[in-house]
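Take a look at the letters that make up each chain.
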Amino acid sequence: MQTSMASIMICAVLCLCGCSSSDGTSANSVAQGIYCGSFTATFGSTGSSSSSGSSSSSSSSSSGSATSGSSSFCGGSDSSPVFFGMVQADGTAVFFTKQNSNLVLYAPAAVTAASFSVPVNAIGLNGSIVRTVAGGTDSGTLTGTVSSGGDLSGSIADNYGNNVDFAATANADTWARTSSLATVAGSYKASFSLGGTTYAPTLAIDSSGNITGTDSGGCSYGGAVTTPDPLHNDYNMKLTSSCLSGQTFSGIGAYFPAGLSNPNGILSPAELKVGLSNGTASGIYLNLSLSN
C-alpha cells in the first residue's frame, strides 16, 4: 500500500497558546519567522523512511533586501522539493512544500519552545492523496529544534511508522516585510479542488480585509483577512463558499510581491499563499494570484 505523503504541505491552523497582540509583541515564540529548506527523506510504503534522492541541504533563502527584485523566498523542484515555513509570534506554525504537485496539510499545536514535539493531523489538500484516499487524513507527531542561529530541523512521524526529516533556514528578509490590509487589497484568481470538484473563484479583498467573490459555477464566497502581527509578513484568513455546505475554512499564510524569484522563475504577479482547513476533515491550498 503506497502512502502518498512524499509530497507534503504542513500547515498549522490551531491557535492554542493565545494570539499575538496587534503590535506583534506578546507571546513571542522562539521559532517565529519564515523558513526555506527541504525534506531529507520521504515516506515509504513499508513503514520505514526512504531516501528522496535529493540533496538534504536547505535552499538559499535570504539573498537581497526585503524589497529587492532579486530576492528569493524559496527554491526547489519536484526532485528537490521547495519547503516554505512560517511560525507566528504566538507559535502557530505553517510549513508548505510542493513535490510532484501533491500537497498535504498538517495542523500541529503551537510551537513556542526551542525544542518541541506536538501532535499533528494530516489532511490531503485540494483532493491530494493521503494513505491512498483523495483528500484523506493521517496523524502523528512533529518533532523539531530551533538552532541558536534560528534555523529549524526535525522530523514528522505518523501513526503507521512512516517518518520524514526536514531542515529549514530562517528567511529574515521575507519575514521582515510588514503586513497590512492595504498591501493585500485587490482582486485575485485562484483554483482548488475539493470532493472531486474543481473551483476557480475570483476573490476581492477590500481595504478592511473583507473577502467577496464568485466563480463560473455560480458559487459565492465570503470571508476575511486579518493581520495578527503587522510587524511581519503574516496573515490570517477565513473563507466560506455557498457550494461547500456552509463550511468555514481558516488558516494562515504570507504575501509575496511581484519580482521575487521562485522555483518557476520570477514571480509575476504578486501572490498571497494560504493553507486553509475546516478542522481535521478537509483542506484547501489557495495560491491567490493578483489580477489587478
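For clarity, every value in this text was computed on a predicted model and none was experimentally measured.

**Description of the environment of Ser-29**
Moving on, step 1. Assignment of secondary structure puts Ser-29 in the loop between β1 (10-11) and β2 (33-39).
Moving on, step 2. Each C-alpha atom, one on Ser-29 and one on Ala-113, is 6.7 Å from the other, the two residues being 84 residues apart in sequence.
Moving on, step 3. What Ser-29 contacts, discounting residues up to four positions off in sequence, is Val-87, Gln-88, Ala-89, Gly-91, Val-111 and Thr-112.
Moving on, step 4. Among the polar contacts made by the side chain of Ser-29, one reaches the main-chain carbonyl oxygen of Val-111 at a distance of 2.7 Å.

**Looking at the state of the cysteines**
Moving on, step 1. Under the counting rule described, the total for this entry stands at 1 disulfide.
Moving on, step 2. Between the sulfur atoms of Cys-219 and its disulfide partner Cys-243 the distance amounts to 2.1 Å. Handedness of the Cys-219-Cys-243 disulfide follows from its S-S torsion of about -100 degrees: it is left-handed. In this pair, Cys-219 sits in the loop between β18 (210-214) and β19 (220-226) while Cys-243 sits in the loop between β20 (235-241) and β21 (248-256), placing the two residues 24 residues apart along the sequence.

**A look at the packing of aromatic side chains**
Moving on, step 1. In this structure the tally under the stated criterion is 1 aromatic pair.
Moving on, step 2. Centroid distance Phe-192 to Tyr-199: 5.3 Å. Interplanar angle 25 degrees. Geometry classified as stacked. In this pair, the class of Phe-192 matches that of Tyr-199, namely buried.

**Thoughts on the sheet that holds strand β14 (residues 186-189)**
Moving on, step 1. Ordered by their spatial adjacency, 8 strands build a closed barrel running β14-β17-β18-β19-β20-β21-β24-β25, and the pairing between neighbours is antiparallel. Within this sheet the neighbouring strands show an average axis-to-axis angle of 30 degrees, counted without direction.
Moving on, step 2. Across 5 bridges, the pairing between β18 and β19 is antiparallel. Across the sheet, the residue bridging to Ile-211 is Gly-223, located in β19.

**Considerations on the nonpolar core**
Moving on, step 1. Within the largest apolar cluster, 26 residues are counted, with the highest numbers of intra-cluster contacts made by Met-237, Leu-272 and Leu-286.
Moving on, step 2. Of all the secondary-structure elements, those providing two or more residues to this core are β15 (192-194), β17 (202-205), β19, β20, β21, β24 (271-277) and β25 (283-290).
Moving on, step 3. Ranked by size, the runner-up nonpolar core spans 21 residues in total, among them Val-111, Val-130, Val-146 and Val-164.

**Side note on the pairing of β17**
Moving on, step 1. Burial of the side chains of β17 is restricted to one face: Leu-203 and Ile-205 are buried, whereas none of Thr-202 and Ala-204 on the reverse face is.
Moving on, step 2. Examined bridge by bridge, β14 and β17 share 4 bridges and lie antiparallel to one another. Its bridge partner being in β17, Gly-186 is matched across the sheet by Ile-205.
Moving on, step 3. Between β17 and β18, which follow one another and run antiparallel, lie 4 residues, and Gly-209 among them has a positive phi close to 90 degrees.

Conventions adopted
- Residues numbered from 1 in each chain as written.
- Predicted model: local features only at pLDDT ≥ 70, side-chain atom pairs only at ≥ 80, totals over all residues.
- Heavy atoms only, no water.
- Helix = DSSP H or I, 4+ residues; strand = E, 2+ residues; numbered from the N terminus.
- Contact = heavy atoms within 4.5 Å.
- Polar contact = N/O pair within 3.5 Å; in protein donor to acceptor, adjacent residues only side chain to side chain.
- Disulfide = S-S within 2.5 Å.
- Phe/Tyr/Trp six-rings, centres within 6.5 Å; stacked < 30°, edge-to-face > 60°.
- Buried < 20%, exposed > 50% of the residue type's maximum accessible area, 1.4 Å probe, protein only.
- Pairing = 2+ DSSP bridges.
- Axes fitted to C-alpha atoms, helices over the stretch in contact; angles between N-to-C directions.
- Core = buried A, V, L, I, M, F, W, Y, C linked by side-chain atoms within 4.5 Å.

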